[in-house]
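Summary of structural features
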Amino acid sequence: MSTMINMVRSLVAVASLAIATPALAAGAKVEIDYQNWSFAGPFGSYDRGQLQRGFKVYRENCSACHGLRLVAFRNLAENGGPSFTEDQAKAIAAEYTVVDGPDDFGDMYDRPAILADRFPSPFPNEQAARAANNGAYPPDFSLLAKARAAQRGFPGFVFDIFTQYQENGPDYIYSLLTGYVDPPADVTVPDGQYYNHSFLAGQFISMAPPLFDEAVEYTDGTPMTVEQYAKDVSAFMMWAAEPHLEDRKKIGFRVMVFLIVFAGLLYFTKKQLWRNAEH
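Residues numbered from 1 in each chain as written. Predicted model: local features only at pLDDT ≥ 70, side-chain atom pairs only at ≥ 80, totals over all residues. Heavy atoms only, no water.

By the definition in use, this model includes 17 aromatic pairs. Both rings, one in Y58 and one in F236, keep their centres 6.0 Å apart while their planes meet at 25°; by these two values the pair is stacked. One end of the pair, Y58, is in helix α2 (residues 48-62); the other, F236, is in helix α8 (residues 226-241), with 178 residues separating them in the sequence. When sorted by exposure, Y58 lands in the same class as F236, which is buried. Geometrically, the ring pair formed by F73 and Y96 is tilted, given 5.2 Å between the ring centres and 50° between the ring planes. Taken together, the positions of F73 in the loop between α2 and α3 (86-94) and Y96 in the loop between α3 and β1 (97-100) put the pair 23 residues apart, joining distant regions of the chain. For F73, a relative accessible area of 0% corresponds to the buried category. (Phe/Tyr/Trp six-rings, centres within 6.5 Å; stacked < 30°, edge-to-face > 60°. Helix = DSSP H or I, 4+ residues; strand = E, 2+ residues; numbered from the N terminus. Buried < 20%, exposed > 50% of the residue type's maximum accessible area, 1.4 Å probe, protein only.)

Structural data, given as structure tokens:
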């Protein structure tokens, strides 16, 4: 009896927490704009053109402040990624300088990056990054699409289990990048900050609006708007955080097919072996 009571109490606590989640989000007036992503769902895959555009937005608009320290230049040419050629990836790497060494004299030295190198940080340390950004620390982009996500609360997360919705991170990043609006008349924005209705940590953010229409030139005819830039760079950040997403989904599908077939074989084997046994 006590075990049953404890189970009921646990279920009530979980339900209360789930119900409270959207209430807190609503109180903070966080607005998340959910998008349709090519990589969503059990059979989703990355859009190669979108990843290349997203990388272009990152390199021209974001890389001066945000690092990509867990991504190597060779990853740009690997299967499942932006699908740059090896020569293109080498050319991109050559535009960066990395610290190597020590040399024969025990000194560190600078050299052009190669495919095996990872993207160097734009700052030598966190203190330098904060000093250059009015005390705010620009987060690294490598895992941000997984680390930053707005929880959907109850009952949304229940449906997400069945739809396999896992795009909270890209949705939040897109919403944040497009969430810069004029503050309400009764709101005073502190000096050095900006009003953003999609920022999870509050309505004021230290990062200035990073995207503007026609700031990055696209050559494939894609609209050069803030919304498009935000969606492309969000997709690129999702790939950076989960470069093997397509392989994971393929393996998962094959495993599910195997389990279904295996369960069927077990059932018919059981029927064959025990068909004459009395029950």
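Contact pair helix α7 (residues 168-177) / α8: the axes reach a minimum separation of 9 Å and the direction vectors enclose 145°. Along this stretch, α7 crosses α8, giving a crossing that reads as right-handed. Here P170, I173, Y174 and L177 of α7 come into contact with α8, specifically with V226, E227, A230, K231, V233, S234, M237 and M238. By residue class, the composition of the contact of α7 with α8 is nine nonpolar, one polar and two charged. (Axes fitted to C-alpha atoms, helices over the stretch in contact; angles between N-to-C directions. Left-handed = near helix turned anticlockwise from the far one by under 90°. Contact = heavy atoms within 4.5 Å. Nonpolar A, V, L, I, M, F, W, Y, C, P; charged D, E, K, R; others polar.)

This part takes up the environment of A136. Examined against the element boundaries, A136 turns out to sit in the loop between α4 (126-132) and α5 (144-147). The sequence separation of A136 and M207 amounts to 71 residues, and the corresponding C-alpha distance is 8.0 Å. Beyond its immediate stretch of four places on either side in the chain, A136 contacts A129, R130 and S206.

With that out of the way, let us pick up the side chain of N196. By the secondary structure assignment, N196 is in the loop between β3 (194-195) and β4 (204-205). For N196, a relative accessible area of 0% gives the class buried. In terms of polar contacts, N196 uses its side chain to reach the backbone carbonyl oxygen of L176, at 2.7 Å. At a separation of 2.9 Å, a polar atom in the side chain of N196 contacts the main-chain amide nitrogen of S198. Each residue touching N196, except ones within four places of it in the same chain, is listed here: S175, L176, G179, Y180, G202, Q203 and I205. (Polar contact = N/O pair within 3.5 Å; in protein donor to acceptor, adjacent residues only side chain to side chain.)

Locating D140 in the fold gives a position in the loop between α4 and α5. Separated by 18 residues in the primary sequence, D140 and P122 place their C-alpha atoms 10.0 Å from one another. With residues near it in sequence (within four places) discarded, D140 still touches G67, L68 and R69. Within the structure, the side chain of D140 is placed 3.1 Å from the backbone nitrogen of L68, a separation counted as a polar contact. In terms of polar contacts, D140 uses its side chain to reach the backbone amide nitrogen of R69, at 3.1 Å.

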